[in-house]
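# Observations on chain architecture
Next come the chains, spelled out residue by residue.
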Amino acid sequence: MKKYLDIAYCEKGLEAQKLDLWLPEKESFPVFVFFHGGGLEAGDKADEAFIPELVQAGVAVASANYRMYPGARFPDFLEDAAAAVAWVFRNAGQYGRVEKIFVGGSSAGGYITQMLCFDSRYLAKYGITTDEVAGYVMDAGQPTTHYNVLRERGLDTRRVIVDEAAPLYFVEEHGRYAPMLVIVADNDMENRYEQTMLLLSTLKHFGKGSLAELKVVPDSGHCQYHDRCADNGRNYFGEVVREFVFRHMD
């Protein structure tokens, strides 16, 4: 396993605009671009325990930081995420033969992932269509306008708003979407399970339901399964991602 830490993925060169690239010991591999959680105000690219195990299973991981509150403003974190994905598309081939590129994130990172998937403008800035990504892992993301974006606007963070800061706003019949793995806990944070079901129902309403696979994690709270072991003793979340990635390699 090889690690390249704190790679600047953006010309602005801000401290938050860096990623860590983890590579398996093989010449060709899929790449999983991952965005951490933390409510768009906390977290770090190095926090996730699943990364080493996923890399050992043959999947390269580009774990990216992004600008966060209180210094960030919508859509700074989305623009950073798109820049990180674009860096992987343009540069990961220097480290080996990239087979396919997947994008995912947890909690706030899940929200970011949903926005990149459904609002094509962010990746289009770099000449990338959203379906050029081989698949999206949307882990416990908020499909309505994120609660900290509501806080930025001075609104009650419990409100359910669907506007241009909400992934749901962009779901449409003619959207070019890749396969999606949508993960939520059965005892997730308040209203997260119900909003996730609304996202899936909306995709189905527009004839896109077959692209979305739902995984409800039993006996778990919000993202608590990141520290859980699978039946084979490996990291539970890493195993879920590994299975999704290799199932969509053909």
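Here, the structure is the one placed above.
Everything numeric in this text was worked out from a predicted model, so none of it was measured.

### What to know about the overall build of the protein chain
Across its full length, the protein chain holds seven helices and eight strands. Computed over its C-alpha atoms, the radius of gyration of the protein chain comes to 17 Å, within 12% of the 18 Å expected for a compact globule of 250 residues. Taken along the three principal axes of its C-alpha coordinates, the protein chain extends 45 × 45 × 35 Å. Taking all 250 residues of the protein chain together, 55% fall into the buried category. Surface accessibility of the protein chain: about 10900 Å² in total, with carbon and sulfur atoms responsible for 46%. A distance of 3 Å separates the average location of the 26 positive side-chain charges in the protein chain from that of its 36 negative side-chain charges.

### Let's talk about helix H6 (residues 192-205)
With 14 residues, H6 extends 20 Å between its outermost C-alpha atoms, agreeing within 8% with the 20 Å of an ideal straight helix rising 1.5 Å per residue. Every buried residue of H6 is listed here: Arg 192, Gln 195, Thr 196, Leu 199, Leu 200, Thr 202 and Leu 203. All buried residues of H6 fall inside an arc of 160° around its axis, so they share one side. Looking at H6, the residues exposed on the side facing more than 90 degrees away from the buried face are Lys 204 and His 205. Against helix H3 (108-118), helix H5 (147-152), strand E7 (180-185) and strand E8 (212-217) lie the buried residues of H6.

### A closer look at the pattern of salt bridges
Considering all chains together, one arrives at 15 salt bridges under this definition. Between Asp 20 and Lys 45 there is a salt bridge; the shortest N-O distance is 2.8 Å. Here Asp 20, found in strand E2 (residues 18-23), pairs with Lys 45, found in the loop between strand E3 (28-35) and helix H1 (50-56); they are 25 residues apart in sequence, far enough to count as distant. Judged by its relative accessible area of 4%, Asp 20 is buried.

### As for the nonpolar core
The biggest cluster of nonpolar side chains holds 56 residues, and the ones touching the most others in it are Phe 35, Phe 77, Ile 112, Phe 118 and Met 180. The element best represented in this core is helix H2 (residues 76-91), accounting for ten residues. Among residues more than four places away in sequence, those in contact with Phe 118 are Met 138, Pro 167, Phe 170, Val 171, Tyr 177, Met 180, Leu 199 and Leu 203. Listed in part, the 26 residues of the second largest apolar core include Phe 50, Val 61, Ala 140 and Leu 181.

### A few points about the packing of aromatic side chains
In the structure shown here, the tally under the stated rule is 14 aromatic pairs. Both rings, one in Phe 102 and one in Phe 244, keep their centres 6.1 Å apart while their planes meet at 75°; by these two values the pair is edge-to-face. Highlighted residues: Phe 102 in strand E5 (residues 97-106) and Phe 244 in helix H7 (residues 236-247), separated in sequence by 142 residues. Phe 244 shares its class with Phe 102; the two are buried.

### As for unusual backbone geometry
Excluding glycine, most residues fall at negative phi; most peptide bonds, likewise, are trans. Of the consecutive residues Tyr 69 and Pro 70, the connecting peptide bond is found in the cis state with omega at 10°. Its location among the elements puts Pro 70 in the loop between strand E4 (60-64) and H2. Here the residue pair Phe 74 and Pro 75 is connected by a cis peptide bond, since its omega of 5° sits within 30 degrees of zero. Mapped onto the elements of the fold, Pro 75 is located in the loop between E4 and H2. The residue Asn 191 is not glycine, and still its phi comes out positive at about 75°. By the secondary structure assignment, Asn 191 is in the loop between E7 and H6. Residue Asn 191 is classed as partly exposed on the basis of its relative accessible area of 30%. Of note in this structure, Cys 223 is not a glycine but carries a positive phi near 60°. If you trace the backbone, Cys 223 turns up in the loop between E8 and H7. When its relative accessible area of 16% is taken as the criterion, Cys 223 is described as buried.

What counts, and at which threshold
- Residues numbered from 1 in each chain as written.
- Predicted model: local features only at pLDDT ≥ 70, side-chain atom pairs only at ≥ 80, totals over all residues.
- Heavy atoms only, no water.
- Helix = DSSP H or I, 4+ residues; strand = E, 2+ residues; numbered from the N terminus.
- Rg over C-alpha atoms; globule rule 2.2 N^0.38 Å.
- Buried < 20%, exposed > 50% of the residue type's maximum accessible area, 1.4 Å probe, protein only.
- Areas by Shrake-Rupley, 256 points an atom, 1.4 Å probe, with all protein chains shown as cover.
- Lys, Arg positive; Asp, Glu negative; His and termini not counted.
- Charge placed at Lys NZ, Arg CZ, Asp CG, Glu CD.
- Expected span 1.5 Å × (residues − 1).
- Arc of directions from axis to C-beta.
- Contact = heavy atoms within 4.5 Å.
- Salt bridge = Lys/Arg side-chain N within 4 Å of Asp/Glu carboxyl O.
- Core = buried A, V, L, I, M, F, W, Y, C linked by side-chain atoms within 4.5 Å.
- Phe/Tyr/Trp six-rings, centres within 6.5 Å; stacked < 30°, edge-to-face > 60°.

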